[in-house]
Structure formats: C-alpha cells, structure tokens
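# Understanding the architecture of this molecule
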Amino acid sequence: MKDEVTSREDRVANLKGMGCSRKRVEDARFTQGKGNYVDDIKLDGMLFGDFVRSPYAHARIKSIDTAAALEVPGVLAVLTADDLRPLGLHWMPTLAGDKQMVLADGKVLFQGQEVAFVVAEDRYAAADGIELVEVDYEELPVIVDPFEALQSDVVLREDLVAEDGSIPDGAHGPRKHHNHIFTWEAGDKAPTEEVIANAEVVAEESMYYHRTHPCPLETCGCVASMDKVNGKLTLWGTFQAPHAIRTVVSLISGIEEHNIRVISPDIGGGFGNKVGAYPGYVCSVVASIVTGKPVKWIEDRMDNLMTTAFARDYHMTGKISATKDGKITGLHCHVTADHGGFDACADPTKFPAGFMNICTGSYDIPTAFLEVDGVYTNKAPGGVSYRCSFRVTEAVYFIERMIEVLAIKLDMDAAELRRINFIKKEQFPYTAALGWEYDSGDYHTAWDKALKAVDYEGLRAEQAQRVEDFKAGKTRKLMGIGLSFFTEIVGAGPVKNCDILGLGMFDSCEIRIHPTGSAIARLGTISQGQGHATTFAQILASEIGLPADSITIEEGDTDTAPYGLGTYGSRSTPVAGAATAMAGRKIRAKAQMIAAYLLEVHDNDVEFDVDRFVVKGAPEKFKTMKEIAFAAYNQAIPGIEPGLEAVSYYDPPNMTYPFGAYVCVMDIDVDTGVTEIRRFYALDDCGTRINPMIIEGQVHGGLTEALAVALGQEIAYDDMGNVKTGTLMDFFLPTAWEVPNYETDFTVTPSPHHPIGAKGVGESPHVGGVPCFSNAVQDAFRPFGNTHTNMPHDHWRIWRTANELGLHD
Amino acid sequence: MSNKMHIKLNVNGKDEEFLAEPRELLIYTLRERLNITGPHIGCETSHCGACTMTIDGKSVKACTMFVAQASGKSVTTIEGLGGPDDLHPLQSAFKEHHGLQCGYCTPGMITRAAKLLEENPNPSEEEIRFGMAGNICRCTGYQNIVKSIQAAATEMNAAKEAAE
Ligand code: FES
Ligand code: FES
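Bear in mind the structure is a predicted one, so any value in this text is a computation, not a measurement. (Residues numbered from 1 in each chain as written. Chains lettered and ligands numbered in written order. Predicted model: local features only at pLDDT ≥ 70, side-chain atom pairs only at ≥ 80, totals over all residues. Heavy atoms only, no water.)

## Looking at the UniProt feature "domain: Aldehyde oxidase/xanthine dehydrogenase a/b hammerhead" (unreviewed entry) in chain A
Feature annotation in UniProt assigns "domain: Aldehyde oxidase/xanthine dehydrogenase a/b hammerhead" (unreviewed entry) to the following positions: residues 32-141 of chain A. Annotated as 17% helix and 36% strand, the span residues 32-141 of chain A places its first and last C-alpha atoms 52 Å apart. (UniProt positions renumbered as here; feature names shortened; annotations may be inferred. Helix = DSSP H or I, 4+ residues; strand = E, 2+ residues; numbered from the N terminus.)

Shown next, in the form of structure tokens:
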C-alpha cells in the first residue's frame, strides 16, 4: 500500500484518535453557508402551515369561524380540533403519561396555545389566513401560581375529573386535588425528619428556580411529506430523538413504523428544546395527508418562547442538618413543580421529577428525603431539562445553595464546609441516600486544584479588605466569590431504570468497513452542534486502527441508522460512544482472525498495535487494518464470512457521574446593580477526554448559558397569564459583550464501567455554572446579612437587594 | 398581481430581477426565491444577527428589511465571501479555532466579522466584542469566536503586508 507511515508515533498521529484536538469535519459546510437545516428543505409543491394561537391563558372556545380565512388567496385549508377528532388526533399522549390537546378542544389552557392550523402556499398567505380566523372566546379565571392552583376551586383540567367530581389517579399515582398532577417521593421520610429534629444545627431555606427556556438559535420545525402512492410518510425535523419521534408518530397515526422515515438534518442547537413532540408535528403530518402535498411548519421566535419546552419552574424548600463542626447529617427537600397546562415534561417514565433525587450532590449525606408535587397552572407545558440531565440543574442549584446557607449558619467558610463533607475517593462506587450509585470520583483533588489555581485565600483576603473599604466609603463595589462543586448524573441510561414512553434508553452504532479501509458508522444519536461526526470517528479510529479522516459518521435518518434514543442529557458519549467502542471491538475481533489467517499463525499469536495486528515477538510480521479490510472482501477464509461489519446496541450498566469545581470572582456595583465577572475558573472531570478542543468549547457554551439563567433570563407571566418575555427584546440572551473569558482546567477520573472511561461533558458547565454565578452574587452580600435571594440576578434585583440591606444610605 | 413591485438586486455579484410584493422581507426573498440559504432566521426582530448580510457596504439584518428597500442595492451573504476553492480567512479561522458548534449563527457571524475587519483591521478584544454584540451565538460562549476573528485579522494583515 502507498503512503504507509511507519514510525509508531506517526501512525498514532495519523489516526487522529482519542485525546487529539481534531478539527471538526462539520465546519466546512457551516462556515460556507451550506448547512442543511430544516428550513432549508424545499420540496416541489410544498405548503406552509402556521398556527392561530390563543390570546388568553384560560378561556372557553364558543366558536371558530374559518370561512373568511379560506377565502384568502393561497390558503388551502384550516384545521381545527373538529377536523382532527374523527382521526383521534385532536389530543396526543405526552412524554410524561399525560395527554395534550393538539388543537384546542373546547377550551384553551395557556396563552399561545394552538387553536387552528392554517395551511397555505407560503408564509405570507398563511399569516393573512391567521388574521381572518375568528375565534369567540369566553374568558375563564386564570391561575399562574402553583400554590394558588392547589387551593383553587377552578378546575383547569376538566378532562381529568370524574363526573361525580372525584379525582381519579394520574399516571404517577393518586392526586390530591383537581389541579394536582403527582407526588413523587425518594428516600426515607421519618428517619430524615428525626435526624433534622435532633440535629445540633439546622439551616432552612426556600428558593424559587425560575421558569426559563433553552432558546436555541434555530427554532423548532418540521417538513411532513406523505407519499400516498407508496404509503410512505417522510418527516424532517429538529428532532433530538428521531427514532422515538418515529415510534410516537406511528403509534398515534396508525401508519406502520416501517412506512415512516424520520430525518433530523442539521440542527441549530437543541439544549432540550427539541426533545418533545409538539402539535406542529402532528398538524403538519395531518395537513400533508389531507392536501397530498408536503407541508412545512417553522416556529417563529415568539411561538418558541411562548409555547415550546420551558425549563425549571421549581419552588424548592430545604432543610439541612449538621453537627456543630460542620458534618452534614440530613437533608430534606420539598418541591412544588409548576408544569403548566399539560404534564408534557420530558423525563424518563419512572422519574416524574427527573433526577431531582440527585439533590444530595457531591456530599456524603447519610439521610435524605425528597418530595415533589407536580401542579397544573395556566402556563405553557413541556418542561425539559435545559442543558442538563433531567433536573440535575435544579438539584445541584438546591444543594449548592443549601451548603452556602448552612455555612452562614455555622459561620464557616463555604469551601471548607464542602471539603469536609465530600464523598471520599475510596467511597466509590458510592450509593447515595436517595438511591443512585455514583461510579467514580475524586472530589478532594479537584477542589484543592481549583482553590489553588484561583488563590482562594488571597481572594478571601481581598474580599475582606473590600468590605472594609466599602464601609469606609472608599468604594461602592462589592466583591463576590462564587463557589460550586457539582456531580452530574448523565448517560441515561440503563434500560432497567430509564425509559421514555416504554422505550428503554440504550443506544446503538453500526459500522461498515469498506474494502479500501475506509468506513461508515451510523448511530442512534443526533448532533445539535456537539461535533459527533468528529468525535465518534475518533473513538472508532482508536478502536479499529483506521484514520478518523477515513470514517464517515452518519446520524439522524431512521431508514439507515440503528434504533437509538437520541441526544439529550449528555447521553451521546456515555451511551452511543460506548456502543461505538463496542461495535469497534467486534470489528477488531473479526480482524484479528483474518490477520491470523493471513499471517498463518494462531489467533492468539497476534496482537493489536495502533493500526495493525502484529505477530507476538515478531514486530516485522504484521497486517495493517487497511490490508485486513481488503482481505475481508477478497479472500475466502475458512469459517469466516466475507465482509467487515458490526452493530452494537449498548445498554449501560449504570449512569456516569462527571463532576467539577468552579469559582467565579465578581464585582457588583451596589448603586446600579451591575455585575462584572472578573474571573471564572472551571475545572471539569469528564473521565477520558476524547477531543479536548471540543470539550473546552462545550464548557464555554454551557457556562454562557448558565450566566444567562443566573443573571437575567426568565420566562415571566403577569397575573392574567400573559407572557411578558416573548421576544429576544425581553428574554435575555447574552452577547459577546456581556460574556467573560473562561479559564478551563481538568482532572481525569475515568468511569470504571464505560468501555473507554468517558463520562460526557456538554451539560456539566451549565449545571455547575448556574449555582456558581448565583453564589457569587449572594456571597458579595453575605457580610451584610444576606442569606438567600432568588435568581435571576438582574441589575434591578441586585440593586433591590442592596437597598433592602441598607447599603444605599 | 398588480401590487407587485419591480425589484432589482445584485446578490453576491449576480444581478437578479423579479416582481415582489412590497411587504416581502429581504431574508424571505433570498432564502425562498433565490435559494440563498446561508443567512438564517433566528428571531425576525433584528436581535439575533443570524440573518446578517452586507448591503451596499453596511452590515444589515435582513429579517426586518423589505426587499423593496433593498432594490437597486448590492447584497453580500456568506455565499459571496468565499467558497471551497477560495475560503475567506475568517472561514478558515473559525474552523481552526473552534469558533462554531451548531453552525446556525455562523454565516451571520462571519459576514459581520468580515465587515468589522474591513472597518477596523486591528481590533482589540474589546472592540471585537462590542462590534459583534449584534450577533447572538447560543453554543460557543463567544470566546473562540473572538479568538477566530483575532486570528483572521492577523492573517489578513500579514497577507496585506506581504502584498505591499
Ligand atoms: S433573524 Fe434577523 S436578526 Fe434575528
Ligand atoms: S454555533 Fe450554535 S448558535 Fe452559534
């Protein structure tokens, strides 16, 4: 073979395998404007659908008149619930065991709810049609507060109350009130209460983790095309889980699954927003069936912010108990979770409140209890774990605030309090009081490295001086030191405890090696910017000894990719990455037999070395993987089938538990409330590092989304249920101007159960970042008697805190 | 239809002529009519910058401009900056310095950055951050975007010097 590189070092470099900051193969098309996002898809005769949406948060629909709209040139159809009812499609199942209206059926439950679907020749005609659909509403009392919802006589979901007024059980057990969805418990209630009642020190705090939104730059959308001749439905869309969407579409439409092809093309960011199933998908499919033409539906930004997949909205109350010298003894957490009009949260079936039960965090807390009440209100449905794994962000925020509050109560340094309570390296695998088994960790090393890197003691001394200067009138700026230490729970997940709609959360990889030694691998996941085409090829390169540049990675087409559960919850590397390595190992096992045959030795007499099999003890006798690939297709090898292919469906034995240590140094102007991030240090331990460049990029991005959530981003409602933050004018997305430079660092603690030891990283910086930014703000005010203030810490709220603490006199 | 207007545009060096309703937005014209899909739609309110292009020498967000307002003008999008055989230094720099992830903001980002470097070939980090503040990226956290622009500036300046 030509161009064979020979030195071992060159051979390793040539592979561009794991650990190499390989440049991304995706970038050529994106930097030249040649991405293929869903709105770029154009089909002959394609129509455009758009929604008439409710202006009211709660109202009865008395009538809908579509006649005038149908007169508009270019408008072909207007669908309402009445049109979908005969098909049984006016309601759809949610991912959380509830059901949701596809188009308003008798009443609306939140502002922006889908009432009618106008199908037209283009966007302008659709917009004209929408203007002319006349809906007669009768306003009903609006409930936006979940606590009020649990007291109110107003029944939000009449469909969930029996005729005699009794309240049947929900998908997750008994319901306490007609606006109550579920109660979910984890841990031991009585022992926890007892420990707390008898503790030397108890700190209590209530906190609201506000409603926010993932807001990827590309909104959600799809193109549905029903080919009536062949009975095939093709659906392109912004789907983070294309296979699951295919199954859902099949189940609700009755079209057999093999006749449905779901394609996720390039996706312009997801962050959890594109996991769920939205009425737009169903209506596009129906409209395509009705009109016989392809139908495109693309949200605008207002639709996106008002109606799809909010995140958080957790009212959390905690009690944490400790000994006088700071050893934590117990943790109690109650959450009132506002799920909006329908329970459409994207969580594994058995966890109606996601993995909130990771709320003991990185600490060895012997006794704990968690209780979550889900509640209906007149807000948009569709809670997702925005850039985190199923509510880990809420859990980590909760415990990292509770630690700070406890430190205040104990009059202790919060860094030291963390240190004395960390789970110790030798305790792993560690089973937490709320049930999860942490795979591996070395928290003390990471924490010490972080504190040393920022000169923590120096910072505290500087801060003390600043307080003196402030009191002496020499400065109006306070200094906050934000600390956070987090443990993520990612890699959902083991089929034994994680499923979505009954589909176990394994993932998959199928590899085909071509005769010339290049390859294609297809996976059940789908990148939304994480660089899968680059990194999965690196895993394979290291596993099978063919250069990453010779391996194509393909995802997102259900006709070609093996079944997988998609990309969210940082599950791609832990689950699909493992499937990739396992499929690679099957290839290698077959390659070993071929090599042995070609070298005329026994299987056990050859060993793998970078890109070849070498006869043990005779390094000059070898067959490269390229030669083996060719031989697989041109030799008749006794007992071995031709070809070189493998597939792996990987069910992980456990989740993975990446962790990290973050420090933020912030200045706060007490007169304006303006914050300035002077320094942000982020140490992440995600186990084996596949592509350091991409990891660093993920950390920058996650931290910036954390900054947004902590310092300003909120989906806010007024008392009438009007969304006050429906455009980017009011919904804060940071620009280059607001965002600091981040210092990144790492330790490496591989996952013991993962084939390559990788844990996943994409969401860690968000999970760890939010409490870090928030703690920085709150720490600045600690010397003046502040214990807790709610996010988002925008300038106005910070100013108000300063004012309440009497700092403006 | 009678209310259509005669529109002339020069897009990436090519003359285009057609009839369009006066209310048609420029981004729609380019994407739907002329198949120029590099510029994206992220907000339709001039906040995100995904639709940024250069119109008669100025950076413009095409989602809030009527095509009628652009008639007679020349428009440059990412497609006009460079292709596979003649990449713009910014296109290479974004790849080299990991200045993108999902790529949705990237065409607008690069188009804006090209204009910025034309106006100020030696921007400080602060000037880059300020000059790019009209373009939102949800993935990268900007650090590597800034780095990419700095690297492209250095390269472009060196090339200019070598040419002189
Ligand atoms: S789409 Fe034009 S600025 Fe956002
Ligand atoms: S790369 Fe995704 S929005 Fe910038």
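## Remarks on the interface of chain B and chain A
In this assembly, 50 residues from chain B lie in contact with 53 residues from chain A. Summed over both partners, the interface of chain B with chain A buries about 4,600 Å², with 54% contributed by carbon and sulfur atoms. Among the residues of chain B in contact with chain A, Lys95(B), Arg138(B) and Gln143(B) are the three that bury the most area, contributing 18% of the side total. Between Arg23(B) and Asp128(A) there is a salt bridge, and its shortest N-O distance comes to 2.9 Å. For the pair chain B and chain A, the number of links is 26 residue pairs in polar contact (both at pLDDT 80 or more). At the level of secondary structure, the elements contributing two or more residues to the side of chain B that touches chain A comprise helix H1 (26-33), helix H3 (78-81), helix H4 (89-96), helix H5 (106-119), helix H6 (125-131) and helix H7 (143-163) of chain B. Split by residue class, the side of chain B that touches chain A holds 21 nonpolar, 17 polar and twelve charged. (Contact = heavy atoms within 4.5 Å. Buried area = accessible area lost by both parts, 1.4 Å probe. Salt bridge = Lys/Arg side-chain N within 4 Å of Asp/Glu carboxyl O. Polar contact = N/O pair within 3.5 Å; in protein donor to acceptor, adjacent residues only side chain to side chain. Nonpolar A, V, L, I, M, F, W, Y, C, P; charged D, E, K, R; others polar.)

## Description of helix H20 (residues 795-804) of chain A
Residues and elements named next belong to chain A. When H20 is considered as a whole, its buried residues turn out to be Ile-798, Thr-801 and Ala-802. With its buried residues spanning 100° around the axis, H20 presents them on a single face. Along H20, exposed side chains directed more than 90 degrees from the buried face belong to Trp-796 and Glu-804. Considering only its buried residues, H20 is in contact with strand S30 (659-669), strand S31 (675-685) and helix H19 (764-781). Two residues or fewer after H20 comes Gly-806, characterised by a positive phi angle close to 75°. (Buried < 20%, exposed > 50% of the residue type's maximum accessible area, 1.4 Å probe, protein only. Arc of directions from axis to C-beta.)

## Notes on the domain arrangement of chain B
All names here are of chain B. For chain B, the domain assignment lists domain 1 (5-80) and domain 2 (89-163). The C-alpha-based centres of domain 1 and domain 2 are spaced at 22 Å. Contacts between the two partners involve 19 residues from domain 1, matched on the other side by twelve residues from domain 2. Interface area lost by domain 1 to domain 2 is led by His-40, Thr-52 and Ile-78, which between them contribute 41%. Inspection of the region where domain 1 meets domain 2 yields zero salt bridges. Put simply, domain 1 and domain 2 have eight residue pairs in polar contact (both at pLDDT 80 or more) between them. Sorting the residues of the side of domain 1 that touches domain 2 by element identifies strand S3 (52-55) and strand S4 (58-61) as the ones contributing at least two each. Its residues assigned to classes, the side of domain 1 that touches domain 2 comprises six nonpolar, eleven polar and two charged. (Domains from an automatic or database assignment.)

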